[in-house]
Amino acid sequence: MSNRKAKLFLAVFGLILTMGLIFGAASVSAADTLDYASVKYGTKISLPLANHVWRVKVSYLNRAEKAKVTSSDTSVATALIYSNTLKSGYFYVVPRKKGTTTISLDFSYTTSTGKKVNLNRTMKLTVYPYANPFNTVKVGSKDLTALVNRTNYTTKAKFFNGNALIRVTPKKEWTIRGIYVQGLEKSGSTVKYTTKKIANKEHFNFKKYAIMPDLYVVLYSSKQKVTMTVMFAVS
C-alpha cells in the first residue's frame, strides 16, 4: 500500500469511528471497496504510466510465507513484494517507460490438509502511455473530465451536494463496466461505509452521505485488453 493510500485509509477509518460516535453505529465491508491502483493477475496484462504503484492481486499469494518477484526489464517496469504485505495477496508493479517486460512470481503455500504447493506465475506486461479515457464526466453542472488527464485518480473533484445527473461518456476504445459511489452512507441513526453501483445518465442523491463520497468508474479497453478503475475523490 502506498503512503497516500495508507493515509487515506487511516483518515477514512478515523472518520468512520467519529461518525459512529455521532450517529450511533458504523461498519465497513472491506471486500466490497473499490481501488484505483488494483488489477487482477493475468498471463498478459497492460498498465498505463500513471503516477502511482499498481498492485497485482494473485490467488493464494495471501497464504504464502515468502515470495520472490522479478522483472526481465527493469527499465520498463520494476516488481516488488514485501513479507509484511503478503497477507494482502498483492505484488507491486512500478511502470517506468513504454515497452514490454516479463514478470515472474514464485511462491509456495501449505493447504489446510498440510500439502505444500509450489506455484510460479509469469505474465507479459505491456506498459503504455496514460491517456484520459473519457470524453465527458459530469456530475450535475460540475465537469470533472480534465481532472484525470494525467492519471486515473484525482482528489480535487467537487460534486453537487444534492440530487445530480451523472453523465459519463468514454472514448471509443473504452467501455463502461460500472459506475459506483463509495463512502459513508446514512441510514436513519446509523452510518455505514458502502459501495453502491449507480446508473449512467440518471440522477443520484448525494445528500444520503455523511460526507461527500468518492465516485468510481470501471472501464475496459478493447485496445489494451485491460480493466481500469478511475477514482474521483473529494479531498
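Above this note sits the structure.
The shown structure was predicted, so the numbers you read here are calculated from the model rather than taken from an experiment.

Q: Please clarify how the overall build of the protein chain should be interpreted in this entry.
A: When helices and strands are tallied, the protein chain shows one helix and 17 strands. Across the 235 residues that make up the protein chain, the buried fraction comes to 43%. Restricting the contact set of the protein chain to residue pairs at least 6 apart, pairs at least 24 apart contribute 62%.

Q: I keep staring at the sheet that holds strand β5 (residues 77–80) and nothing clicks. Help me out?
A: Backbone hydrogen bonds hold the strands of a sheet together, and the pairing may be parallel or antiparallel. Overall, mixed pairing links the four strands, which are arranged β1-β3-β6-β5 in an open sheet. The sheet is open, and its two borders are formed by β1 (38–40) and β5, each paired with just one other strand. Ignoring which end each strand starts from, the neighbouring axes of this sheet average 30° apart.

Q: How do you make sense of the pairing of strand β16 (residues 214–221) when you look at a structure like this?
A: Within a regular strand, the side chains alternate between the two sheet faces. Counting buried positions along β16 yields seven of eight residues, so the element is predominantly enclosed. As paired strands, strand β13 (residues 174–187) and β16 are joined by eight bridges and run antiparallel to one another. Bridge pairing links Thr-175 to Tyr-220 in β16. Sheet topology places β16 next to strand β17 (residues 226–232); seven bridges connect them, and they run antiparallel. Bridged to Val-217 within β17 is Val-230. With antiparallel pairing between neighbouring strands as the criterion, β16 and β17 make up a hairpin whose turn holds four residues, including Lys-225 at a positive phi of roughly 55°.

Q: How should the nonpolar core be read in this particular structure?
A: One broad rule of soluble globular proteins: the nonpolar side chains tend to lie buried together. Residues Phe-91, Phe-134 and Phe-232 are the most contacted members of the largest nonpolar core, which totals 52 residues. Looking at this core, the element that brings in the most residues is strand β8 (residues 116–128), giving six residues. Other than its neighbours up to four places away in sequence, Phe-232 contacts Phe-134, Val-137, Leu-144, Val-148, Thr-154, Ala-157, Phe-159, Asp-214, Leu-215 and Val-217. Counting residues in hydrophobic clusters, the runner-up holds nine residues, among them Tyr-36, Tyr-153, Met-231 and Ala-233.

Q: Which parts of the structure should I look at to understand the pattern of salt bridges?
A: Side chains that differ in sign of charge can pair as their charged atoms come close. Using the criterion set out here, one finds two salt bridges in the structure. As a salt-bridge pair, Arg-55 and Asp-35 come within 2.4 Å of each other at their nearest N and O atoms. Of this pair, Arg-55 sits in strand β3 (residues 54–57) while Asp-35 sits in the loop between α1 (3–23) and β1, and the two are 20 residues apart along the sequence. Just as Arg-55 is buried, Asp-35 falls in that class too. Between Glu-185 and Lys-196 there is a salt bridge; the shortest N-O distance is 2.7 Å. On the criterion of sequence distance, the pair formed by Glu-185 in strand β13 and Lys-196 in strand β14 (residues 190–198) is long-range, its members being 11 residues apart.

Calculation criteria
- Residues numbered from 1 in each chain as written.
- Predicted model: local features only at pLDDT ≥ 70, side-chain atom pairs only at ≥ 80, totals over all residues.
- Heavy atoms only, no water.
- Helix = DSSP H or I, 4+ residues; strand = E, 2+ residues; numbered from the N terminus.
- Buried < 20%, exposed > 50% of the residue type's maximum accessible area, 1.4 Å probe, protein only.
- Contact = heavy atoms within 4.5 Å.
- Pairing = 2+ DSSP bridges.
- Axes fitted to C-alpha atoms, helices over the stretch in contact; angles between N-to-C directions.
- Core = buried A, V, L, I, M, F, W, Y, C linked by side-chain atoms within 4.5 Å.
- Salt bridge = Lys/Arg side-chain N within 4 Å of Asp/Glu carboxyl O.

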